[in-house]
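Examining the three-dimensional arrangement
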Amino acid sequence: MNYIQIAIDGPAGAGKSTIAKLIAEHLNYIYIDSGAMYRAITLKAIKLGIDLEDERMYDFVKDTKFKFLNGTLFMDDVDVSHDIRENNVSNNVSLVSSYFFVRKELVRAQQILAKNHNVVMDGRDIGYKVLPDAKYKFYLTASIKKRAERRNIDNLERNIKSNLEVIEKEIERRDFLDTTRKYSPLKAADDAVIIDTSDLTIDQVVKLITEKIMEDEKNGF
Ligand code: DC
């Protein structure tokens, strides 16, 4: 059986996770949040008390187990979905996700998770690196201002302390780090459909993408 893979990439706050999750629900596919996996490894590194700046200390990644249940990430059988959103994790995840060894192991884990299912996977390098043969590829983007506003609301809803100006600065910093890092920087795959979500609601983007996929599938593309 040929499984269908949908890759959704883009910068922080472009609405990727929410949109990818809803598309997966609509199509009854499995949703894999690759950013959550980088966050989980960052959380584990912090808990282990290793020197985060010492790339040689990340051997533990290869013995770490991941499982997604209804979009919720379990690391080593523990639900980490809340803890990975803490500021301490957000502020260190760009560093941790820049390491070659961490990326190599997580890309492998992501490819295994996507192997025997129809999946929607979101991240930064999914379309050109993790799932280069994905049938559908989208790159979602939005202005920094809009992305900061969305992250602010998201934090408040999750009861996480939040300040709009600080978030704007953090997003700018994270964009810079994510797009300029040496290994697998954030970028659109050459064959991705680029969607600017600044002036679109979540529902509009979800509709745009699911309708395109359902139409293509119905026509046997
Ligand atoms: O999507 P997010 O903000 O939860 O992602 C957290 C971090 O993980 C982000 O700074 C970039 C990194 N990341 C990555 O390098 N590659 C991915 N495929 C997904 C996320």
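Above this text is the structure in question.
Notes on the structure in this doc start here. (Residues numbered from 1 in each chain as written. Predicted model: local features only at pLDDT ≥ 70, side-chain atom pairs only at ≥ 80, totals over all residues. Heavy atoms only, no water.)

1. Some details on the overall build of the chain
Scanning the chain for helices and strands turns up 9 helices and 8 strands. Computed over C-alpha atoms, the radius of gyration of the chain comes to 17 Å, within 12% of the 17 Å expected from 2.2 N^0.38 for 221 residues, which places it in the range of a compact globule. Dimensions of the chain, computed from the C-alpha atoms along their principal axes, are close to 55 × 40 × 30 Å. Summarising the internal contacts of the chain: among those between residues at least 6 apart in sequence, 75% fall at separations of at least 24. Approximately 11,700 Å² of the chain is accessible, and the part contributed by carbon and sulfur atoms is 50%. Taking the average place of the 34 positive charges on the side chains of the chain and the average place of its 36 negative ones, the gap between the two points comes to 2 Å. (Helix = DSSP H or I, 4+ residues; strand = E, 2+ residues; numbered from the N terminus. Rg over C-alpha atoms; globule rule 2.2 N^0.38 Å. Contact = heavy atoms within 4.5 Å. Areas by Shrake-Rupley, 256 points an atom, 1.4 Å probe, with all protein chains shown as cover. Lys, Arg positive; Asp, Glu negative; His and termini not counted. Charge placed at Lys NZ, Arg CZ, Asp CG, Glu CD.)

2. As for the pairing of strand β1 (residues 5-9)
The buried count for β1 comes to 5 of 5 residues, which makes it a mostly enclosed element. Relative to strand β6 (residues 119-123), β1 is paired through 5 bridges, and the arrangement is parallel. Counterpart to isoleucine 6 in the pairing with β6 is valine 120. (Buried < 20%, exposed > 50% of the residue type's maximum accessible area, 1.4 Å probe, protein only. Pairing = 2+ DSSP bridges.)

3. Notes on unusual backbone geometry
Not every positive phi belongs to a glycine, and asparagine 28 is a case in point at roughly 60°. Residue position: asparagine 28 is located in the loop between α1 (16-27) and β2 (30-33). Positive phi outside glycine occurs at asparagine 70, with the angle close to 50°. Along the polypeptide, asparagine 70 turns up in the loop between β3 (66-69) and β4 (72-75). Looking at asparagine 70, the relative accessible area reads 78%, which means it is exposed.

4. Notes on the packing of α1 against helix α9 (residues 202-218)
Put simply, α1 and α9 touch, their axes get as near as 10 Å, and they point 45° apart. Classified by the angle their axes make, α1 and α9 are oblique. The crossing of α1 and α9 is right-handed. Contacts from Thr18, Ile19, Leu22, Ile23, His26 and Leu27 of α1 reach α9 at Ile202, Val205, Val206, Ile209, Thr210, Ile213 and Met214. Of the residues contributing to the contact of α1 with α9, the split by class is 10 nonpolar, 3 polar and no charged. (Axes fitted to C-alpha atoms, helices over the stretch in contact; angles between N-to-C directions. Parallel < 35°, antiparallel > 145°, perpendicular 65-115°, else oblique. Left-handed = near helix turned anticlockwise from the far one by under 90°. Nonpolar A, V, L, I, M, F, W, Y, C, P; charged D, E, K, R; others polar.)

5. A look at α1
Here α1 is 12 residues long and its end C-alpha atoms lie 16 Å apart, about the 16 Å a rise of 1.5 Å per residue gives. Where the residues of α1 are buried, they touch β1, β2, β6, β7 (136-141) and α9. Positive backbone phi, approximately 60°, marks asparagine 28, located one or two places after α1. (Expected span 1.5 Å × (residues − 1).)

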